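Observations on the three-dimensional arrangement
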Amino acid sequence: MKVWTWAGDAGTLADAGGLTAAAAWTGPDEVCAMTPQEALSQAEEARTAQRKFGFIECMILQIQAMFSFFKKKSPTLEVPSSAVTPTSPVAQTAAATPAPEQRPAQTEPAHAARQGWLDRLKAGLRKTGASITTVFTGTRIDDELYEELETALLVADTGVKATEHLLQDLKRRVKEAKATEPSQVKTLLADAITDLLLPLQKPLSIGDHQPTVIMVAGVNGAGKTTSIGKLTKHLADEGLSVLLAAADTFRAAAKEQLAVWATRNTVEIVSQQGGDPAAVSFDAVSAGRARGRDVVLVDTAGRLPTQLHLMEELKKIKRVVQKAEATAPHEVLLVIDGNTGQNALAQVKAFDDTLGLTGLIVTKLDGTAKGGVLCAIAREKPIPVYFIGVGEKLEDLETFNAREFAQALLS
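What counts as what
Residues numbered from 1 in each chain as written. Predicted model: local features only at pLDDT ≥ 70, side-chain atom pairs only at ≥ 80, totals over all residues. Heavy atoms only, no water. Buried < 20%, exposed > 50% of the residue type's maximum accessible area, 1.4 Å probe, protein only. Helix = DSSP H or I, 4+ residues; strand = E, 2+ residues; numbered from the N terminus. Pairing = 2+ DSSP bridges. Right-handed = clockwise from strand over helix to strand, strands pointing away. Axes fitted to C-alpha atoms, helices over the stretch in contact; angles between N-to-C directions. Parallel < 35°, antiparallel > 145°, perpendicular 65-115°, else oblique. Left-handed = near helix turned anticlockwise from the far one by under 90°. Contact = heavy atoms within 4.5 Å. Nonpolar A, V, L, I, M, F, W, Y, C, P; charged D, E, K, R; others polar. Expected span 1.5 Å × (residues − 1). Phe/Tyr/Trp six-rings, centres within 6.5 Å; stacked < 30°, edge-to-face > 60°. Lys NZ or Arg CZ within 6 Å of the ring centre and 35° of its normal. pLDDT = per-residue confidence, 0-100.

A look at the pairing of strand β8 (residues 359-363)
Of all five residues in β8, five are buried; the element is thus mostly enclosed. Here β8 shows no split at all, with G359, I361 and T363 on one side and L360 and V362 on the other all buried. Bridging between strand β7 (residues 331-337) and β8 involves five bridges; their strand directions are parallel. Residue pairing across strands places L334 opposite L360, the latter belonging to β8. You can see the chain leave β7, run along helix α12 (residues 342-355) and come back into β8, and the turn it takes is right-handed. Looking at chain direction, β8 and strand β9 (residues 385-389) are connected through three bridges and run parallel. From the neighbouring strand, V362 faces β9, where its bridge partner is I388.

What about the packing of helix α7 (residues 182-197) against helix α14 (residues 402-409)?
In contact at an axis separation of 8 Å, α7 and α14 are set at 140° when each is read in the N-to-C sense. As far as their axial angle goes, α14 and α7 are oblique. For the element pair α7 and α14, the recorded crossing hand is right-handed. When α7 is examined against α14, the residues A190, D191, I193, T194 and L197 are found in contact with a partner set consisting of A402, R403, F405, A406 and L409. Looking at the contact of α7 with α14 residue by residue, the class counts come to seven nonpolar, one polar and two charged.

Structural notes on unusual backbone geometry
The omega angle of the peptide bond from Q210 to P211 is 0°, so this bond is cis rather than trans. With respect to the helices, strands and loops of the structure, P211 is situated in the loop between α7 and β3 (212-218). Following A328, the chain continues to P329 via a peptide bond in cis, the omega torsion being -10°. Relative to the elements of secondary structure, P329 occurs in the loop between α11 (308-324) and β7. A positive phi angle, near 65°, is found at D157, a position not held by glycine. Its place among the elements puts D157 in the loop between α5 (143-155) and α6 (160-177). A residue is classified by how much of its surface remains accessible, and D157, at 17% relative accessible area, is buried. A positive phi angle is found at K364, which is not glycine, with a value near 60°.

Remarks on α11
Since the α-helix turns once every 3.6 residues, residues separated by three or four places project in the same direction. Taking 1.5 Å as the rise per residue, α11 with 17 residues should run 24 Å; its terminal C-alpha atoms sit 25 Å apart, in good agreement. Looking at α11, one finds that the buried residues are L310, M311, L314, I317, V320, V321 and A324. In this fold, the buried residues of α11 make contact with β3, α10 (277-291) and α12.

Considering the packing of aromatic side chains
Under the counting rule described, the total for this entry stands at one aromatic pair. Ring plane angle 55° and centroid distance 5.8 Å describe the contact between F400 and F405, whose orientation is recorded as tilted. In this structure F405 comes out as buried when scored by relative accessible area, which is 1%. Of note, K171 hangs over the ring of Y146, and the distance from its end group to the ring centre comes to 5.1 Å. In this arrangement the basic side chain of R264 is found over the ring face of W261, its NZ or CZ atom lying 4.6 Å from the centre.

Quick look at the packing of α10 against α11
Relative orientation of the contacting elements α10 and α11 amounts to 30°, with a least axis distance of 8 Å. What the angle tells us is that α10 and α11 run roughly parallel. Handedness of the crossing formed by α10 with α11: right-handed. Taken together, the residues of α11 that come into contact with α10 (itself represented by P277, A278, S281, F282, V285, S286 and R289) are E313, K316, I317, V320, V321, K323 and A324. Of the residues assigned to the contact of α10 with α11, the class counts are eight nonpolar, two polar and four charged.

Thoughts on the confidence of the model for the protein chain
Across the protein chain, the average pLDDT comes to 77, with 72% of residues at or above 70. By mean pLDDT, helix α2 (residues 89-96) is the weakest element of the protein chain at 40, and strand β6 (residues 295-299) is the strongest at 95. Considering only residues more than four positions removed or in separate chains, one finds that residues 1-33, a stretch of pLDDT under 50, has 40 contacts. Between residues 69-106, whose pLDDT stays under 50, and residues either more than four places distant or in other chains, the model counts six contacts.

Following this line, the structure appears as structure tokens:
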């Protein structure tokens, strides 16, 4: 404890404790004697020094507080960046959350349209399906059931070879599955028909050539020109540019009918008044290549496979198209009427021998079609079925799916 003494009245100095800082030079046991004036002067100097040191200390504290403020703020500034970091599980969950909410809105219309189309297909094949499914209303799996099923399949235009194949395959599946109920046999038959039709399920490939030339043939009344119009709609919906060739110069108003479909689909058409079908096809392929079109669809005149001179004309069209484009035609499609039964199989064989078919379009399955002819084609002439039609509207042409067709056939 530092002690201050001076010569004079002890009450002259009111705040002797303020001299502690100024008397720091004295030792702990030293006693300093001074006059009151000297003591007051020293005290004033001590207070001044204390204020100066106090201000500096205050500034230091403020600076420290400022630095600590920024240190505390810096982590909060990094929070937004970490929230959007791809490696953050929370960020991944947040980023992935909107997608499932939007996906149903995008796929629901397409699913609804496909379901509506399947309903129309089932309605078209209901007569055939009723005759087949009646077989499975019994309570036992025996020879009588298989005999009734054989009759129903033959009536449905399945053909002898396809029917024999299906029955053998079905018996094998029943044995392996150890089925005991006729309803189980129906499910196994759907699986057998699906496997038989699977080789026919193939998508139409577009884009390997520019343009892709598709030649379409068929007998009179099969719906060839109408199918071309629907196919144009299908391709346009896929973002492809299409050019039509009105090479059916034989039938009256065929060019006008195709022109109506071209107008509906807002595509171009190449035609000649009374021109040669091969010449129209040549001009269309040349124009399609010059205009950069993706697809050229060539409509040919309907003819019966027994009309040999008209079948030779088809060969001529194919040869002339190859002069315009060496690799063309890239697809040769045959349009067959689903109501013609086993006659459709004969058409497929005849046109394939003449042109070398690459695909089929089956139409009018919304009428009294029996549908079983596809099983016969799959067994005897497995040419891919690109599309099947169930009505007159543009959207009534859809891609072929073996499972869907089998289920509709047995619905």
